[in-house]
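Take a look at the letters that make up each chain.
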Amino acid sequence: LLALASAGDIMLAVCMKEAAGFNEERFAMMAFLVAGVITFFIILAFEHASLFIGWFLHTAFQYIGVQIVAVLRYGDEIDALGTLASLCTLVGILLLIAEQEMYL
């Protein structure tokens, strides 16, 4: 469910960017709809997940996904600090997943 919410957040970011400050009403309305759906999945996911680990994973997947979309779709450039931040995020994800596996 967190993966669906993270994918939805990436879609939400695209809709908000394409909404161009509410000038593109179709994308603005899609953004509101997607935000509601994401909230639904997050509520369900946190019923059985640790809040701090679940929220970190959700935010980390969202962060990495939005970076990828920003580069591929909008031509954004990631500098050395952005690359380091992404690597630290990935390491954090792997550490939390490994920690969770130890307790299962």
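Structure report, in brief. All values reported here derive from a predicted model rather than from experimental measurement.

## Examining the overall build of the chain
Logical step 1: When you go through the chain residue by residue, the secondary structure sums to 4 helices and 0 strands.
Logical step 2: Reading the helices (α) and strands (β) of the chain from amino to carboxyl end gives α-α-α-α.
Logical step 3: Dimensions of the chain, computed from the C-alpha atoms along their principal axes, are close to 50 × 35 × 15 Å.
Logical step 4: Every one of the 104 residues in the chain was classed for burial, and the buried ones make up 32%.
Logical step 5: Excluding contacts between residues fewer than 6 apart, the proportion of contacts in the chain whose partners are at least 24 apart in sequence is 64%.
Logical step 6: Total accessible area computed for the chain in this model is approximately 7,100 Å², and 72% of it derives from carbon and sulfur atoms.

## Overview of the side chain of Ser6
Logical step 1: Within the secondary structure, Ser6 is located in helix H1 (residues 2–18).
Logical step 2: Polar contacts involving the side chain of Ser6 include one to the side chain of His58, which spans 3.1 Å.
Logical step 3: Those residues in contact with Ser6 that sit more than four places away from it in its chain are Leu57, His58, Phe61 and Gln62.

## Looking at helix H3 (residues 51–74)
Logical step 1: Between its terminal C-alpha atoms H3 stretches 32 Å, which fits the 34 Å expected from 24 residues at 1.5 Å a residue.
Logical step 2: If you check which residues of H3 are buried, you get Ile53, Gly54, Leu57, His58, Ala60, Ile64, Gly65, Gln67 and Ala70.
Logical step 3: Gly75 occupies a position one or two residues after H3 and carries a positive phi of about 70 degrees.

## With respect to the nonpolar core
Logical step 1: Leu2, Ala5, Leu12, Cys15, Ala31, Val34, Ile38, Ile42, Ala45 and Phe46 form the largest nonpolar core, which has 10 residues in total.
Logical step 2: For this core, the secondary-structure elements that each account for two or more residues are H1 and helix H2 (25–45).
Logical step 3: With 5 residues, the single largest contributor to this core is H2.
Logical step 4: Setting aside anything within four residues of it in sequence, one finds Phe46 in contact with Leu2, Leu51, Gly54 and Trp55.
Logical step 5: Judged by nonpolar contacts, the second largest core, of 5 residues, contains Ile53, Leu57, Ala60 and Leu96.

What counts and what doesn't
- Residues numbered from 1 in each chain as written.
- Predicted model: local features only at pLDDT ≥ 70, side-chain atom pairs only at ≥ 80, totals over all residues.
- Heavy atoms only, no water.
- Helix = DSSP H or I, 4+ residues; strand = E, 2+ residues; numbered from the N terminus.
- Buried < 20%, exposed > 50% of the residue type's maximum accessible area, 1.4 Å probe, protein only.
- Contact = heavy atoms within 4.5 Å.
- Areas by Shrake-Rupley, 256 points an atom, 1.4 Å probe, with all protein chains shown as cover.
- Polar contact = N/O pair within 3.5 Å; in protein donor to acceptor, adjacent residues only side chain to side chain.
- Expected span 1.5 Å × (residues − 1).
- Core = buried A, V, L, I, M, F, W, Y, C linked by side-chain atoms within 4.5 Å.

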